[in-house]
Amino acid sequence: TLGSTTCVATGEVTIEYAQLPILTPTTLVQCDEDNNGSAVFNLTKADQLITGGDPDLGNIKFYENSTDANDGTNWISNPLEYNSIPKTIYATASNLYGCISVTTISLQLSNHAVANFPLLETCDLDPDPVQNGFYHFTLSDADAQVLDGLPPGLVVEYYETVQDALLHPENVLPNVFTNTVQNDQLIYAKILNGPDCYDIISVELVVNTLAPPDFEDVHI
């Protein structure tokens, strides 16, 4: 009604419905490096898996139980470093219209014990007196040693620390890598079965210098 009169204005409201997001249940497998029955997971690795890479789905959050996921409360505050035993957690994602769906993520542990001890050696070929124990390695040269005796289909990535190997795929080392610790350095090979961690082992990098002290020409 318009003011105190009996006049009435009318209009239309159009109500539209959007489909709920389609999310895919998935599994994350992390290496249990100290064999204590738990591991630290980077839950955001599941983002692309549960959304199928759909760019219109976002605001992904993770929950420890289905009640919190459906209520949108008490989400996991540390998804980049979530310490967990094997269990099922829950994730939500929303579309452009704010519609939210819930799916499950199964957290599992890998306890494979790879007993390989790869070694890469190189000569310090920098000209004397520049030889300083630093030189470049082609890390893929260690692949055969890392994968020796293991099932086919596994691949290898290399990292400077175990923490990077577990949680920070963005810190993967380039294939041509110059050691950052003089003469002898341990780096870490992350063995992957698809997107999942199979095991993490150390790889020793050794730089042999070619400049013995007092090694000079002698005239007799």
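Values in this document were obtained by computation on a predicted structure and should not be read as measured data.

Each value, and the rule that gives it
Here the residue index of a chain counts from 1 through its sequence in written order. Where totals are concerned, whole chains, interfaces and linings use all residues; where local detail is concerned, this predicted model gives features only for residues with pLDDT of at least 70, and gives and counts side-chain atom pairs only at 80 or more. Calculation of side-chain values draws on the structure's entire complement of heavy atoms; hydrogens and water are dropped beforehand. Secondary structure follows DSSP: runs of H or I at least 4 residues long count as helices, runs of E at least 2 residues long count as strands, and numbering of each begins at the N terminus. Identification of polar contacts relies on pairs of N or O atoms within 3.5 Å, with a donor-acceptor requirement for protein atoms, meaning one able to donate a hydrogen and the other able to accept it, and with residues adjacent in sequence counted only if both atoms are side-chain atoms. It only takes one pair of heavy atoms within 4.5 Å for two residues to be counted as in contact. At least two bridges found by DSSP between two strands is the condition for calling them paired. In this analysis an axis means a line fitted to C-alpha atoms, helices contributing only their contacting stretch, and an angle means the value between N-to-C directions, from 0 to 180 degrees. Criterion for a disulfide: a pair of cysteine sulfur atoms within 2.5 Å. Among buried residues, those of type Ala, Val, Leu, Ile, Met, Phe, Trp, Tyr and Cys that are joined through side-chain atoms within 4.5 Å constitute a nonpolar core. Relative accessibility thresholds used throughout: buried, under 20% of the residue-type maximum; exposed, over 50%; partly exposed, between the two (1.4 Å probe, protein chains only).

Caption draft 1: Summary view of the side chain of Asp 199. Here Asp 199 lies in strand E12 (residues 196–208). From its side chain, Asp 199 meets the backbone nitrogen of Val 114 in a polar contact 3.0 Å long. Among residues more than four places away in sequence, those in contact with Asp 199 are Cys 31, Glu 33, His 112, Ala 113, Val 114, Ala 189, Lys 190 and Ile 191.

Caption draft 2: Seen up close, the environment of Leu 139. Mapped onto the elements of the fold, Leu 139 is located in the loop between strand E8 (136–138) and helix H3 (143–147). Residues within four places of Leu 139 in sequence aside, it is in contact with Leu 120, Tyr 158, Leu 173, Pro 174, Asn 175, Phe 177, Ile 187 and Leu 205.

Caption draft 3: Expanded view of the sheet that holds strand E5 (residues 87–94). Pairing is mixed across the open sheet formed by four strands, whose spatial order is E1-E6-E5-E3. Edge strands, defined here as strands with exactly one partner in the open sheet, are strand E1 (26–31) and strand E3 (58–63). Pairwise comparison of adjacent strand axes, ignoring direction, gives a mean angle of 30 degrees for this sheet. Sheet topology note: the E5/strand E6 (residues 100–110) ladder contains eight bridges and is antiparallel. Residue pairing for E6: Lys 87 is matched across the bridge by Leu 107.

Caption draft 4: View of the state of the cysteines. Evaluation of the coordinates by the stated rule reveals one disulfide. The disulfide that involves Cys 31 links it to Cys 197, with 1.9 Å between the sulfurs. Across the S-S bond of Cys 31 and Cys 197 the torsion is about -100 degrees, and the bridge reads as left-handed. Note that Cys 31 is positioned in strand E1 and Cys 197 in strand E12, a separation of 166 residues in sequence.

Caption draft 5: The arrangement of the nonpolar core in detail. Among the nonpolar cores identified, the biggest contains 20 residues, and Leu 139, Val 146, Tyr 158, Ile 187, Ala 189, Val 203 and Leu 205 are the most heavily contacted of them. Of the residues forming this core, the biggest block, five residues, is contributed by E12. If sequence neighbours within four positions are ignored, Leu 205 has contacts with Leu 120, Phe 137, Leu 139, Phe 177, Asn 183, Asp 184, Gln 185 and Ile 187. The next biggest cluster of nonpolar side chains, apart from the first, holds 14 residues, and it includes Leu 43, Ile 76, Tyr 82 and Leu 109.

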